[in-house]
Amino acid sequence: MSRISPGRRRSATKSEPQAAWSISGSAPSVSQGRLVKNRRSIHDRPAEVADRRQVGHWEADLIICKRARPVLVLHERKTRVTLATRLNGRTAAETIAAMTAVFRRVAPGLRSSVTFDNDTDFARHRLLDDLFGMSTWFCDAYASWQKGGVENANGRLRRWLPRWLDLDTLSKADLQDAIVSLNTIPRKCLGFITPFQSLLQELGKDVRIRSS
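Just so we're clear, the structure is a prediction, and the values are computed from it rather than from any experiment.

Engineer: Which parts of the structure should I look at to understand helix 5 (residues 172-183)?
Structural biologist: Turn by turn, an α-helix covers 3.6 residues, leaving residues three or four places apart pointing in a common direction. Counted at 1.5 Å a residue, the expected span for helix 5 with its 12 residues is 16 Å, and the 17 Å between its end C-alpha atoms agrees. Residues of helix 5 that are buried: Asp174, Leu175, Ala178, Ile179, Leu182 and Asn183. Structurally, helix 5 contributes buried residues whose contacts are with strand 5 (82-86), helix 4 (148-157) and helix 6 (195-202).

Engineer: What is the right way to read the sheet that holds strand 3 (residues 57-64) from this model?
Structural biologist: Adjacent strands of a sheet pair through backbone hydrogen bonds, lying either parallel or antiparallel. Reading across from one edge, 5-4-3-6-7 is the order of the 5 strands in this open sheet, with mixed pairing throughout. Where the open sheet ends on each side, the last strands, each with one partner, are strand 5 and strand 7 (135-138). Neighbour to neighbour, the strand axes of the sheet diverge by 25 degrees on average, direction disregarded. For strand 6 (residues 113-116) and strand 7, the ladder comprises 4 bridges, and the chain directions are parallel. Opposite phenylalanine 116, over in strand 7, you have phenylalanine 138 as the bridge partner. Each of strand 3, strand 4 (70-76), strand 5 and strand 6 touches helix 2 (residues 92-104); the most contacted strand, strand 4, lies at about 40 degrees to it. Packed on one face of the sheet, helix 4 meets strand 3, strand 4 and strand 5 and runs near 40 degrees to strand 3.

Engineer: Would you take a moment to explain the packing of aromatic side chains for this structure?
Structural biologist: We describe a pair of aromatic rings using the distance from one ring centre to the other and the angle between the two ring planes. One pass over the full model with this rule turns up 4 aromatic pairs. Between tryptophan 58 and phenylalanine 103 the ring centres are 5.6 Å apart and the planes differ by 80 degrees, which places this aromatic pair in the edge-to-face class. One end of the pair, tryptophan 58, is in strand 3; the other, phenylalanine 103, is in helix 2, with 45 residues separating them in the sequence. The class of tryptophan 58 is buried, set by a relative accessible area of 3%. The buried category is assigned to phenylalanine 103, whose relative accessible area is 0%. Its end group placed over the ring of tryptophan 137, arginine 40 keeps NZ or CZ at 4.4 Å from the ring centre.

Calculation rules
- Residues numbered from 1 in each chain as written.
- Predicted model: local features only at pLDDT ≥ 70, side-chain atom pairs only at ≥ 80, totals over all residues.
- Heavy atoms only, no water.
- Helix = DSSP H or I, 4+ residues; strand = E, 2+ residues; numbered from the N terminus.
- Expected span 1.5 Å × (residues − 1).
- Buried < 20%, exposed > 50% of the residue type's maximum accessible area, 1.4 Å probe, protein only.
- Contact = heavy atoms within 4.5 Å.
- Pairing = 2+ DSSP bridges.
- Axes fitted to C-alpha atoms, helices over the stretch in contact; angles between N-to-C directions.
- Phe/Tyr/Trp six-rings, centres within 6.5 Å; stacked < 30°, edge-to-face > 60°.
- Lys NZ or Arg CZ within 6 Å of the ring centre and 35° of its normal.

What follows is the structure, encoded as structure tokens:
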């Protein structure tokens, strides 16, 4: 199969399910008629998470392609590193299984918290705490901008993963090529180094990428 190539960039907007919950404190949220239990409000998130002072805090989302097949996207807030993996379906069990598989390959020092929207695909979020000690936080209803890092990453990934793409035709190598490309583009917000370089610096390593 030929490699996919960046096409016309499209918006990565996704309708937010309705949720009702208090601005502060722990309370269940209503999403598509069901409950996301044991959730904590983004307004209770510590300052070092909100201001990107500390590495290891992630945002999670799903981007949808043809036939409603999703791709799980994980975005590290400080370094802007983005990871992604394809899912077979949209269930909470499928989502958490993929997420835990990704985080098992991430260094423990980079596993502190994840921020979600109120989609019930993230209903089994507590397993992240059970397995890795990761805190989980939830945005306000209809406020996807509160996890703007992953929303921005979604938009960038649409260059390689347009809505009309049939994910069954996408190989793991193609998806990883897209992720590597995304993480090796210098970013102004990082002082014109790449997300990968930023992450390596956080790990005490310095790697310079030279263009030929």
